[in-house]
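# Coordinates in review
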Amino acid sequence: MLKWLRPVADSWPGRFLRNIVQRYFIHDVGRQGAALAYYLLFMIFPFLIFLSSLLGLLNLDISSMIRSLQNLLPSGVLDVIETYFNYVSQTSSTAMLWFGLVFTIYFPMRAADCLMHAVRRAYHLPQPKNQVFYTAKVLLYTVFLLVSISLALALATVGRQVLQFAGRFVVVPEAFIDLWSDLRFVILGGVMFAAVGLLYAAAQDVRQPARNVVPGVLAALIGWMVVSAAFSFYVENFANYSVIYGALGTVIVLMMWLNLTAVVLIMGAEVNGALLAMRTEAS
């Protein structure tokens, strides 16, 4: 049995998997993921305050937007978001809009900074020498991230009725309207790819070639979709957290999903680091 396993362990896939597992424990990805999930939690609610206040002031239909996201997020996460959206939108005001905007910048900066440090550790990079430049880079990426999230939500929630309404003012081919239900998720994937790829690249001290960034981005996005689908199936069919935690059940589901998301994002960078180390050893 050991003789049969040795060639597998010494092969390129075996060495890669062993490297990934070692990196998970050596770089303490579990603890980094928990810290990132904490910042992501504080990032979500100010952003939801800002977004729902804006939607409330514009009198847009929130329920239809939430339903369009049911294929992307676990149902427990959607329940929390929809409840929060409806509550804040009913009490929306200009003051809440500005409050959400201010903290929508601060907390995503902390989350981006936490994730960038995890990415630097995956690439075995030291602490940034120019802290002012690094902070400015985190701020610029945070603005880009918020724009990407807003664009992703807009793409995911734009439906046939919206396109038909837009057709009153500009020419929108009927064939494009028919294809949009499938095409919008392709564009959404492109937006997410750009957001994660820019994060991995921005964490570097020097410009990296595409082969040092793209594999980890693909691994992170594919892993996130698989993990989200598996976690959603598990929660809906096996784990009833509302029985154990009562009203806090949906919050527990949200925290678990954020933790899984954080670990997947960090492991995407670890994939790039492992591939880079293996190429360095081979040369």
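These numbers come from a predicted model, not from an experiment. (Residues numbered from 1 in each chain as written. Predicted model: local features only at pLDDT ≥ 70, side-chain atom pairs only at ≥ 80, totals over all residues. Heavy atoms only, no water.)

## Concerning the overall build of the protein chain
Looking only at helices and strands, the protein chain has 12 helices and zero strands in total. Considering only residue pairs separated by 6 or more positions, the protein chain has 81% of its internal contacts joining residues 24 or more positions apart. (Helix = DSSP H or I, 4+ residues; strand = E, 2+ residues; numbered from the N terminus. Contact = heavy atoms within 4.5 Å.)

## What to know about unusual backbone geometry
Despite not being glycine, D28 has its phi angle at roughly 55°, a positive value. Within the secondary structure, D28 sits in the loop between helix 2 (12-26) and helix 3 (29-58). Even without being a glycine, H124 presents a positive backbone phi close to 60°. Within the secondary structure, H124 is located in the loop between helix 6 (94-122) and helix 7 (131-157).

## What about a nonpolar patch on the surface?
On the surface, L218, I222, M225 and V226 cluster together into a nonpolar patch covering about 390 Å² of accessible area. Relative to the helices and strands, L218 resides in helix 10 (residues 214-237). By relative accessible area, L218 is classed as partly exposed at 42%. (Patch = residues over 30% accessible without salt bridge, like charges linked within 9 Å, V, L, I, M, F, W, Y side chains within 5 Å. Areas by Shrake-Rupley, 256 points an atom, 1.4 Å probe, with all protein chains shown as cover. Salt bridge = Lys/Arg side-chain N within 4 Å of Asp/Glu carboxyl O. Buried < 20%, exposed > 50% of the residue type's maximum accessible area, 1.4 Å probe, protein only.)

## Concerning the packing of aromatic side chains
Applying the stated criterion across every chain yields a total of six aromatic pairs. Among the aromatic residues, ring-to-ring pairing joins Y38, Y39, F42 and F107 into one connected group. (Phe/Tyr/Trp six-rings, centres within 6.5 Å; stacked < 30°, edge-to-face > 60°.)

## Brief notes about the nonpolar core
The tendency in soluble globular proteins is for nonpolar side chains to be buried side by side. Among the nonpolar cores identified, the biggest contains 51 residues, and F16, L36, L40, M116, Y141, Y200 and L258 are the most heavily contacted of them. Listing elements by their share of this core, those giving two or more residues are helix 2, helix 3, helix 6, helix 7, helix 9 (174-202), helix 10 and helix 12 (249-282). Counting residues per element, this core draws most heavily on helix 12, at 15 residues. Once you skip the residues sitting within four places of it in the chain, Y141 turns out to touch A112, M116, A195, V196, L198 and L199. (Core = buried A, V, L, I, M, F, W, Y, C linked by side-chain atoms within 4.5 Å.)

## Remarks on the pattern of salt bridges
Enumeration over the complete set of coordinates arrives at three salt bridges. For E270, the salt bridge identified is with R23, shortest N-O distance 2.9 Å. Residue E270 is found in helix 12, and its partner R23 is found in helix 2; the two are separated by 247 residues along the sequence. E270 sits in the buried class, given a relative accessible area of 0%. With relative accessibility at 6%, the residue R23 sits in the buried group. We note a salt bridge from D205 to R120, for which the minimum N-O separation is 2.9 Å. Highlighted residues: D205 in the loop between helix 9 and helix 10 and R120 in helix 6, separated in sequence by 85 residues.

## Description of the environment of L254
With respect to the helices and strands, the residue L254 is situated in helix 12. Taking the C-alpha atoms as reference, L254 lies 9.8 Å from A37; in sequence the two are 217 residues apart.

## Digging into helix 10
Look at helix 10: 34 Å from first C-alpha to last across 24 residues, which is about the 34 Å you get at 1.5 Å a residue. Within helix 10, the full set of buried residues consists of G216, V217, A220, L221, W224, S228, F231, S232 and V235. (Expected span 1.5 Å × (residues − 1).)

## Description of helix 2
Taking 1.5 Å per residue, 15 residues should reach 21 Å; helix 2 reaches 21 Å between its end C-alpha atoms and fits that length. Among all positions in helix 2, only G14, F16, N19, I20 and R23 are buried. Within two residues after helix 2, D28 carries a phi angle of roughly 55°, on the positive side.

## Section: the side chain of H27
With respect to the helices, strands and loops of the structure, H27 is situated in the loop between helix 2 and helix 3. Using a relative accessible area of 7% as the deciding quantity, one classes H27 as buried. At 3.3 Å, the side chain of H27 forms a polar contact with the side chain of H124. Those residues in contact with H27, other than ones at most four positions away along the chain, are Q32, R121, A122, H124 and E270. (Polar contact = N/O pair within 3.5 Å; in protein donor to acceptor, adjacent residues only side chain to side chain.)

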